[in-house]
Amino acid sequence: MIKNYLTVAIRNLARNKTFSAINILGLAIGMACCILILLYVQDELSYDQHHEHAQRIYRLAEEVHIAGQTHRIAITSFPMGPALVQDYPTVVDAVRFFRNDEKTPVANQQNQFYERGVLFTEANVFRVFDFPLSKGDPQTALQEPYSIVLTEEMARKYFGDRDPMGQTLSVGEAECKITGVLKETDQNTHLQFNFLASSMRRRDWVDHSYYTYLLLQDTHAADELETELPNFIERHLGEQLKTSGIQLKPFLQPLTDIHLHSHLESEIGPNGDIRYVYLFLIIAFFVLVIACVNFINLSTARSASRSKEVGMRKVVGANRSQLIRQFMGESILLALVALLFAVVLIEVSLPAFNAFTQRELVLDYTGNWHVVFALLGIALFAGLLSGVYPALFLSAFQPVEVLKSTLRRGLKTSNSRKTLVVFQFVISIVLIIGTVVVYHQSDYIKNKKLGFNKEQVVVIPIDRQLAKRYKPTVSAYAAVLNVSASSTVPGRELAAHLFRPSLDPTHKDALLINVMYVDHEFIQTYGIEVLEGRAFSEDIGSDRNGAFILNEAAVRKFGWTSHANRKLERVYPEGDILNVEVQGDVVGVVRDFHYQSLHYEIEPLVLMTRGGWIDYLSIRIHSDDIAATLDFLKTQWREVVSNRPFDYFFLDDDYDKLYRIEEQIGTLFGLFSILAIFVASLGLFGLASFTAQQRIKEIGIRKVLGASVSNFVLMLSKEFAILVGIANLIAWPIAYYAMNRWLQDFAYRIDLEIWAFVLSGFLALFIALTTVSYQAWKVARTNPVDALRYE
């Protein structure tokens, strides 16, 4: 019986080659998009799932309330983890990580590099996390101080084919012995690193710089522990917090939720976003649905031509269930054929998709049987979704009705076909509007005035001592315009400290404010506008001993109208008092500039010249012959710094990385919009072809009576133009709501203007009319004699 159904299905598909080809191509594109996105989503959802105790591991994070501000941060103080193990039996173990914010110099006798993936941790890390070793014993690998474990990739980088075990590496200022090599795996984790070192700075409860992970007895222990955390903080930090005016509320994050659900300050690395996962799933579903709608439309449109077949089958004894199985079999067979083409499309496009998304996605047919079942499941879903309505519709024909008139029943489905066409174009127009808005926002971000000049700035990671030796050697070079040393640069993480106005009785409490430690050339190097007072000057002694410049947001935060005669103190809590670390004059106010991503409003900022550290040297260079200037900088580096490699980046490139995910979203929106429109156009092409063929005799009669080709094109295009117009009216409010929600993630954003909607609507209308008009023009040029010869 199955063989008979298959034979009939293949015969019917072969009999209607044009419609079958359109359906196969549309379904293949829809399934390819769906499978690619599902691969991406599965990769996103797999983060940290491979650890044996993944469901029992939680990260300790904090919500800090200070001076009316709330900060949710991923870091805690150093003693917090061991104290929780000691105080609560439900906490089985705790492991801490410390991350250097910038690249760490790593070297041996043969190689020297700056490495970003250096984490400092503890010996019990392998008891909590499953990081497999190809060499070394996880129980003892990090027990000794200044031990280090590195990945196989780093082992090859520094030692080639030699065995790295027992060798040493210089990590920063420390000599570390290699006691293990991490096995290369394809498992995803938010803890990205190339080196795990056992040397960790030991600090008190005040220094919040450590990532703390807890292994609990079971998942139920998390709720119980969170209720006890306020009491825990009160016991260990209560007095200090009261003195400083800070409220601290620790909370727990499940390990497997961190990558997609955590967007805290000071994350250990860049995370994904569950909202984009949902968005991609919705897009994948709708592109596939558009392809299925094509199948439904074309199948019901051809109902008149198949009604006689249905009538004859019922006359000879076929029942409705047999006909439903036949039509469903045809759609599933067509979906399976489309799946083969979809797999080819995926294999061709996957390398480019991986390069764009920076992933290593693989469609493993042989090593993972789940993949095969998933592919077949998608094909079965598409076949069932495509075929269920046509099967129910066609099998319901009554023999007497269809044998009287094969045309009438087909025309009764026109309203449902119109509805499905509108549905297709609603989705397509929403995607087009989304693409336009995302690109417009990206362009706005790239071209918005930031309040500083990020062009032609070479940034070199450096420390204070090296900066003192290297800066004078490059400052005199003709192509070097300005040189400045600072603790951070715009777009990178920065510190926050407690500041309090001096001799101001209205400000008894300190405020937590972002701070940049800079030298006297920083404002000039970055082209920041001074609104009041002056910039720092090396010729003024008080500036060398400590001075402050505030941005406008900081002035507003302190409630001042002017900086004149203002003094500021940087303080830190100790016991019941706030100790003054640095005190100085506020010498100026600069215009607010975007030292952080445009996702955030400009926050208060203090620039100060004393009491901090130096991590960067910013060198503004002339735009002429950049390569020669870089060669000079590299040569001077080798002369001054013989034991460290020359490493640099351009500030504009680095700053633009803040919006990389938005650029990816824009490109993917554009790609899927094109595919959605293409698939919808395939359906329109088939429907227009069918409609034109149905009216070919009418066209022949009209031509005999003197109608022109343009009259026919207008007549056949008008109906579809109205449908696209209706689709626009439905799509615009949907797109407005969706894109307005997306733009809320940006503190600085574009306004949703009508031109984006009108442009998208006209683009969809143009594509639809081009598709339909071509078919109409082709049929309209038919010789009337050929159209009427059978009348």
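Residues numbered from 1 in each chain as written. Predicted model: local features only at pLDDT ≥ 70, side-chain atom pairs only at ≥ 80, totals over all residues. Heavy atoms only, no water.

**Student:** Now, about the packing of helix H15 (residues 464-475) against helix H19 (residues 626-640): what can you tell me, with residues and values included?
**Tutor:** Their axes nearest at 10 Å, the elements H15 and H19 cross at an angle of 135 degrees. Our classification of the angle between H15 and H19 gives oblique. In terms of crossing hand, the pair formed by H15 and H19 is right-handed. Note on element contacts: H19 touches H15 through Phe 632, Leu 633, Gln 636, Trp 637 and Val 640, opposite Leu 466, Arg 469, Tyr 470, Thr 473 and Val 474. Its residues assigned to classes, the contact of H15 with H19 shows 7 nonpolar, 2 polar and 1 charged. (Axes fitted to C-alpha atoms, helices over the stretch in contact; angles between N-to-C directions. Helix = DSSP H or I, 4+ residues; strand = E, 2+ residues; numbered from the N terminus. Parallel < 35°, antiparallel > 145°, perpendicular 65-115°, else oblique. Left-handed = near helix turned anticlockwise from the far one by under 90°. Contact = heavy atoms within 4.5 Å. Nonpolar A, V, L, I, M, F, W, Y, C, P; charged D, E, K, R; others polar.)

**Student:** For the packing of aromatic side chains, give the residues involved together with the corresponding values.
**Tutor:** All chains considered together, the criterion is met by 32 aromatic pairs. Seen in terms of ring centroids, Tyr 158 and Phe 195 are 6.1 Å apart; in terms of plane orientation they differ by 75 degrees. Their pairing is edge-to-face. Residue Tyr 158 is located in helix H5 (residues 152-159), and its partner Phe 195 is located in strand S12 (residues 195-197); the two are separated by 37 residues in the primary sequence. In this structure Tyr 158 comes out as buried when scored by relative accessible area, which is 1%. Looking at Phe 195, the relative accessible area reads 0%, which means it is buried. Ring centres of Phe 558 and Trp 560 lie 4.9 Å apart, and the angle between their planes is 20 degrees; this geometry places the pair in the stacked category. By the burial criterion, Phe 558 is buried, and Trp 560 matches it. (Phe/Tyr/Trp six-rings, centres within 6.5 Å; stacked < 30°, edge-to-face > 60°. Buried < 20%, exposed > 50% of the residue type's maximum accessible area, 1.4 Å probe, protein only.)

**Student:** Please provide a residue-by-residue account of helix H3 (residues 80-87), values included.
**Tutor:** Along H3, the positions that sit buried rather than exposed are Met 80, Gly 81, Ala 83 and Leu 84. Seen from one end, H3 has its buried residues packed into an arc of 165 degrees, which puts them on one side. (Arc of directions from axis to C-beta.)

**Student:** Can you tell me about the nonpolar core, naming the residues and giving the values?
**Tutor:** One finds Leu 27, Met 31, Phe 425, Tyr 526 and Leu 607 to be the most contacted residues of the largest nonpolar core, which totals 108 residues. Counting residues per element, this core draws most heavily on helix H2 (residues 17-45), at 14 residues. (Core = buried A, V, L, I, M, F, W, Y, C linked by side-chain atoms within 4.5 Å.)

**Student:** Account for a negative patch on the surface, with residues named and values stated.
**Tutor:** A grouping of Asp 218, Asp 223, Glu 224, Glu 226 and Glu 228 is seen on the molecular surface, where their side chains present a negatively charged patch. Turning to its location among the elements, Glu 224 is positioned in helix H6 (residues 221-244). (Patch = residues over 30% accessible without salt bridge, like charges linked within 9 Å, V, L, I, M, F, W, Y side chains within 5 Å. Areas by Shrake-Rupley, 256 points an atom, 1.4 Å probe, with all protein chains shown as cover. Salt bridge = Lys/Arg side-chain N within 4 Å of Asp/Glu carboxyl O. Lys, Arg positive; Asp, Glu negative; His and termini not counted. Charge placed at Lys NZ, Arg CZ, Asp CG, Glu CD.)

**Student:** Can you explain H19? Please cite residues and give values.
**Tutor:** A rise of 1.5 Å per residue sets the reference length of H19, with its 15 residues, at 21 Å; its end C-alpha atoms lie 21 Å apart and thus fit the reference within 8%. Within H19 the residues assigned to the buried category are Thr 629, Leu 630, Phe 632, Leu 633, Gln 636, Trp 637 and Val 640. End-on view of H19: buried residues confined to an arc of 155 degrees, all on one side of the axis. Away from its buried face by more than 90 degrees, H19 exposes Asp 631, Arg 638 and Glu 639. Structurally, H19 contributes buried residues whose contacts are with strand S6 (112-115), strand S15 (457-461), H15, strand S24 (616-621) and strand S25 (649-650). (Expected span 1.5 Å × (residues − 1).)

**Student:** For the pairing of strand S23 (residues 605-608), give the residues involved together with the corresponding values.
**Tutor:** Each regular strand shows side chains that alternate between the opposite faces of the sheet. Side chains Leu 605 and Leu 607 project from S23 onto one buried face, and the interleaved Val 606 and Met 608 project onto a second face that is buried too. Relative to S23, strand S18 (residues 511-517) is paired through 4 bridges, and the arrangement is parallel. Bridged to Asn 514 within S23 is Leu 605. In the sheet, strand S20 (residues 547-551) pairs with S23 via 3 bridges, with the strands oriented antiparallel. (Pairing = 2+ DSSP bridges.)

**Student:** Which residues make up a nonpolar patch on the surface, and what values go with them?
**Tutor:** On the surface, Ile 722, Ile 726, Leu 729, Ile 730 and Ile 734 cluster together into a nonpolar patch covering about 460 Å² of accessible area. Within the element layout of this structure, Ile 722 appears in helix H23 (residues 709-743).

**Student:** I'd like to hear about the sheet that holds S24, residue by residue, with values.
**Tutor:** Judged by pairing direction, the sheet is antiparallel, and its 4 strands sit side by side in the order S16-S24-S15-S25 without closing on themselves. Unpaired on one side and paired on the other, strand S16 (480-486) and S25 mark the two borders of the sheet. Of the strand pairs in this sheet, S15 and S25 are connected by 2 bridges, and their pairing is antiparallel. From the neighbouring strand, Val 458 faces S25, where its bridge partner is Phe 650. Against the sheet, H19 contacts S15, S24 and S25, and its axis sits at roughly 20 degrees relative to S15.

**Student:** Tell me about the side chain of Asp 652, and please be specific about residues and values.
**Tutor:** Examined against the element boundaries, Asp 652 turns out to sit in helix H20 (residues 651-656). Notably, Asp 652 is buried but unbridged: the nearest opposite-charge side chain belongs to Lys 454, and the N-O separation is 5.6 Å. Setting aside chain neighbours within four positions, we find Asp 652 in contact with Lys 454 and Glu 455.

**Student:** Describe the environment of Gly 546, listing the residues and the values that go with them.
**Tutor:** Relative to the assigned elements, Gly 546 resides in the loop between helix H17 (541-545) and S20. Taking relative accessible area as the criterion, Gly 546 reaches 6% and is therefore assigned buried. Separated by 37 residues in the primary sequence, Gly 546 and Gln 583 have C-alpha atoms spaced 6.8 Å apart. Contacts of Gly 546, omitting those with residues within four sequence positions, involve Gln 583, Gly 584, Asp 585, Thr 609 and Arg 610.

**Student:** I'd love a proper account of the pattern of salt bridges, names of residues and values included.
**Tutor:** In total, this model carries 25 salt bridges according to the counting rule given. One salt bridge in this structure joins Asp 93 and Arg 127, with 3.0 Å as the shortest N-O distance. With Asp 93 in strand S4 (residues 91-99) and Arg 127 in helix H4 (residues 125-128), this pair connects stretches of sequence that are 34 residues apart. For Asp 93, a relative accessible area of 11% corresponds to the buried category. Relative accessible area serves as the criterion here: at 47%, Arg 127 is assigned to the partly exposed category. Overlapping salt bridges, with partners in common, bring together Asp 43, Glu 44 and Arg 359 in one network.

**Student:** How would you explain the environment of Asp 273 if you had to name every residue and give the values?
**Tutor:** Here Asp 273 is to be found in the loop between helix H7 (258-261) and helix H8 (274-301). Between the alpha carbons of Asp 273 and His 259 there is a distance of 7.4 Å; along the sequence they are 14 residues apart. Here Asp 273 is in contact with Glu 44, His 259, Leu 260 and His 263, once residues within four sequence places are set aside. Separated by 2.6 Å, the side chains of Asp 273 and Arg 275 make a polar contact. (Polar contact = N/O pair within 3.5 Å; in protein donor to acceptor, adjacent residues only side chain to side chain.)

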